[in-house]
Amino acid sequence: MSDASPPSDVNGIIHWQRTAAQAPDCTMLNGDITADFVVVGGGLTGTRTALGLAEQGASVVVLEAKHIGFGASGRSGGQCNPIWRATPDDLAQKLGEATASRLVETTLSCADDLFDDIRKYNIDCDAEQNGWVQTAHCGSAQKDLERLGTAWNNVGGQIKLLDRSATERATGSSEYGFSLFHPKGGLVQPLSLTHGFARTAAKFGAQLYDNSPVISLVRNGNSWTATTPTGSATAPQIILTTNAYSDNLWPGLKETFFPLVSVALATAPLTDNLQKSVLPNAVTISDTRRAIYFGRYDRDRRLIFGCVGSDDDATTLGASWRLRRGLLKVFPQLENTEIEATWAGRIAVTPEMMPHLHEPESGILAGLGFSGRGIAMTSVMARTLVKKALGASDHTLPFQVSSINRIPLHWAAKKLIPLAAPAMAVRDTMDTILRRS
Ligand SMILES: Cc1cc2nc3c(=O)[nH]c(=O)nc-3n(C[C@H](O)[C@H](O)[C@H](O)COP(=O)(O)OP(=O)(O)OC[C@H]3O[C@@H](n4cnc5c(N)ncnc54)[C@H](O)[C@@H]3O)c2cc1C
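In short, a report on the structure. (Residues numbered from 1 in each chain as written. Predicted model: local features only at pLDDT ≥ 70, side-chain atom pairs only at ≥ 80, totals over all residues.)

### Side note on the site of the ligand
Alright, step 1. The immediate surroundings of the ligand are formed by 45 residues, with Gly43, Gly71, Gly77, Gly345 and Gly374 found nearest.
Alright, step 2. The set of elements that each furnish at least two residues to the shell around the ligand consists of helix H2 (44-55), strand E14 (258-269), strand E18 (339-349) and helix H10 (374-389).
Alright, step 3. A class-by-class count of the residues in the shell around the ligand yields 17 nonpolar, 22 polar and six charged. (Near = placed C-beta within 6 Å. Helix = DSSP H or I, 4+ residues; strand = E, 2+ residues; numbered from the N terminus. Nonpolar A, V, L, I, M, F, W, Y, C, P; charged D, E, K, R; others polar.)

What follows is the structure, given as structure tokens:
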């Protein structure tokens, strides 16, 4: 196996920007405006929330610091992984029976809901619903996956348990001894999906502003004013969807999760022969490693492959070396395949690996913390934010509404994040040696 890293001139190219569907028309906010709702952040959560609110006839303003899809949504692996890491019983223990049963119901339909949305709003995002293979990297991970798959099947999931040879047939990789096949899973071009949600929101009347970072939020009687360097937007309800790119805008928000980094690469389009042996039915794959390996095709049959990184730079602390090593471990047949791009993005990981819906004060909502499962789950959160913002009672929502609880000693843990990826990779390797499947 070659240890060569990708050539340095491909680093920092976000592949999705090369194949994205048309971006929405945006301008910088200039002057003072009012609306029913101000959404801060123009990723999948923010744009899908704006779409939902505008479709109901509300006036909505989206304020994005950089450009629509700048954050994780424009850098994502784009895999629709429609399940949590917790079983329905775990969720019931954590959230109580009633909330958990609403969340389970929403989860079971979340993949179909996403692909239905894409059809309904005619979003051009290279979507394919060919299924997701969730592979076990060691024997104890296999036991965990068996438990997870069986538990979700008991409440109506349609997950298939695949042994070693079925896993190899499904993925084209001999790396794994067991997997779950989720037939509802699939893939999207994540930046195109974000553009599509934003363009649809604009069609329903939402006003989209880019290069408009919100630098303060101030209460004004029953309203809040979101101020940017060049203007302000005032509304009774502000919705924060800034996820792992959250800054100091709302006190404590960025201390509710760990901003881990994920890195990804795009190969050159694979030859027809390689396509027969790598993810033969264009399924997606992700495994149970702590430094998770994930892979999928893009529309031109480039393989997109990713793992956990260390910093916003895809080269830092050997991230690109780990990427290349992971790619060849899972698909050694790609030894001589060119790599066209590598990039990095931030994911917001909460202690319990589940998203949070916060209401720190009346008139402020925040939905974030997708812990690497955002493609379908941002839509679940967005629909919930829409319901809540339009007045639904907390007892009808699939997420608990909470105030902001900072993670104790967050500052100390955050300092260790650059070391987390190498440490996770070492533990993963130990797993495969000591706990073989
Ligand atoms: C490399 C990578 C691979 C991934 N792969 C997958 C996958 O295969 N499947 C999956 O389900 N999930 C995956 N994820 C996670 C998923 O992409 C995210 O959960 C999801 O995109 C989060 O969307 P969001 O809208 O909540 O946040 P983001 O897309 O991060 O958007 C937040 C936005 O807020 C803006 N912002 C921040 N502060 C301000 C401010 N003060 N004012 C205005 N705007 C502000 C930012 O500029 C940013 O655009 C991946 C993530 C990464 C990085």
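### Focus on the pairing of strand E11 (residues 223-228)
Alright, step 1. The alternating pattern of E11 places Trp224, Ala226 and Thr228 on a buried face and Ser223, Thr225 and Thr227 on a face that is not buried.
Alright, step 2. Hairpin remark: strand E10 (residues 216-220) followed by E11, antiparallel, with two residues in the connecting loop; positive phi at Gly221, about 65°.
Alright, step 3. Two strands pair when backbone bridges link them, and E11 and strand E12 (residues 231-235) are joined in this way by five bridges, in the antiparallel orientation. What sits directly across from Trp224, in E12, is Ala235.
Alright, step 4. Hairpin connection from E11 to E12: two residues lie between these consecutive antiparallel strands. (Buried ≥ 20, exposed ≤ 12 C-beta atoms within 10 Å, placed from the backbone. Pairing = 2+ DSSP bridges.)

### A few points about the nonpolar core
Alright, step 1. One finds Phe37, Val38, Val60 and Leu63 to be the most contacted residues of the largest nonpolar core, which totals 125 residues.
Alright, step 2. Setting aside chain neighbours within four positions, we find Val38 in contact with Val61, Leu63, Ala226, Ala233, Ala235 and Ile238. (Core = buried A, V, L, I, M, F, W, Y, C linked by C-beta atoms within 7 Å. Contact = placed C-beta atoms within 7 Å.)

### Remarks on the sheet that holds strand E21 (residues 401-402)
Alright, step 1. Strand order in the open sheet formed by seven strands is E9-E3-E2-E13-E20-E19-E21, with mixed pairing between adjacent strands. A single partner strand is all that each edge strand has here, and the edge strands are strand E9 (207-209) and E21.
Alright, step 2. As paired elements, strand E19 (residues 356-361) and strand E20 (residues 364-368) share four bridges and run antiparallel to each other. Residue Glu361 lies in a different strand from E20, and its bridge partner there is Ile364.
Alright, step 3. H2 contacts strand E2 (37-40), strand E3 (60-63), strand E13 (237-240) and E20 of the sheet and is inclined by roughly 170° relative to E3. (Axes fitted to C-alpha atoms, helices over the stretch in contact; angles between N-to-C directions.)

### Concerning the sheet that holds E12
Alright, step 1. Here four strands make up an open sheet; going across it, the order is E1-E12-E11-E10 and the pairing mixed. With partners counted over all chains shown, the strands left at the sheet margins are strand E1 (31-34) and E10, one partner each. This sheet shows a mean twist of 20° between the axes of neighbouring strands, independent of strand direction.

### Considering the packing of H2 against H10
For any two helices packed against each other, the geometry is given by the interaxial angle and the distance between the axes.
Alright, step 1. Packing of H2 against H10 leaves a shortest axis separation of 8 Å and a crossing angle of 40°. As the angle between them shows, H2 and H10 are arranged oblique. For the pair H2 and H10, the crossing hand works out as right-handed. Residues Leu44, Thr45, Arg48, Thr49, Gly52 and Leu53 of H2 touch H10, and the partners they reach there are Gly374, Thr378, Ser379, Met381, Ala382, Arg383, Leu385, Val386 and Ala389. (Parallel < 35°, antiparallel > 145°, perpendicular 65-115°, else oblique. Left-handed = near helix turned anticlockwise from the far one by under 90°.)

### Topic: helix H7 (residues 190-203)
Alright, step 1. For H7, which comprises 14 residues, the first-to-last C-alpha distance of 20 Å matches the rise-based estimate of 20 Å (1.5 Å per residue) to within 8%.
Alright, step 2. Burial analysis of H7 places 13 of its 14 residues in the buried class, which makes it a mostly covered element.
Alright, step 3. Residue Gly205 follows H7 closely and has a positive phi angle near 110°. (Expected span 1.5 Å × (residues − 1).)

### Section: the pairing of E10
Alright, step 1. Of all five residues that make up E10, zero are buried, and the element is exposed over most of its length.
Alright, step 2. Examined bridge by bridge, E10 and E11 share five bridges and lie antiparallel to one another. Note that in E11 the partner of Arg219 across the bridge is Trp224.

### Observations concerning helix H5 (residues 139-154)
Alright, step 1. Here H5 spans 23 Å end to end across 16 residues, near enough to the 22 Å set by a 1.5 Å rise per residue.
Alright, step 2. Where H5 is buried, its residues meet helix H3 (88-95), strand E5 (132-135), strand E6 (160-162) and strand E7 (179-182).
Alright, step 3. Positive backbone phi, at 110°, marks Gly156, one or two positions downstream of H5.

### Observations concerning the environment of Thr34
Alright, step 1. For Thr34, the location among the structural elements is in strand E1.
Alright, step 2. Between the C-alpha atom of Thr34 and that of Val10, which follows or precedes it by 24 residues, the distance is 43 Å.
Alright, step 3. Apart from residues lying up to four places away in sequence, Thr34 is in contact with Thr234 and Ala235.

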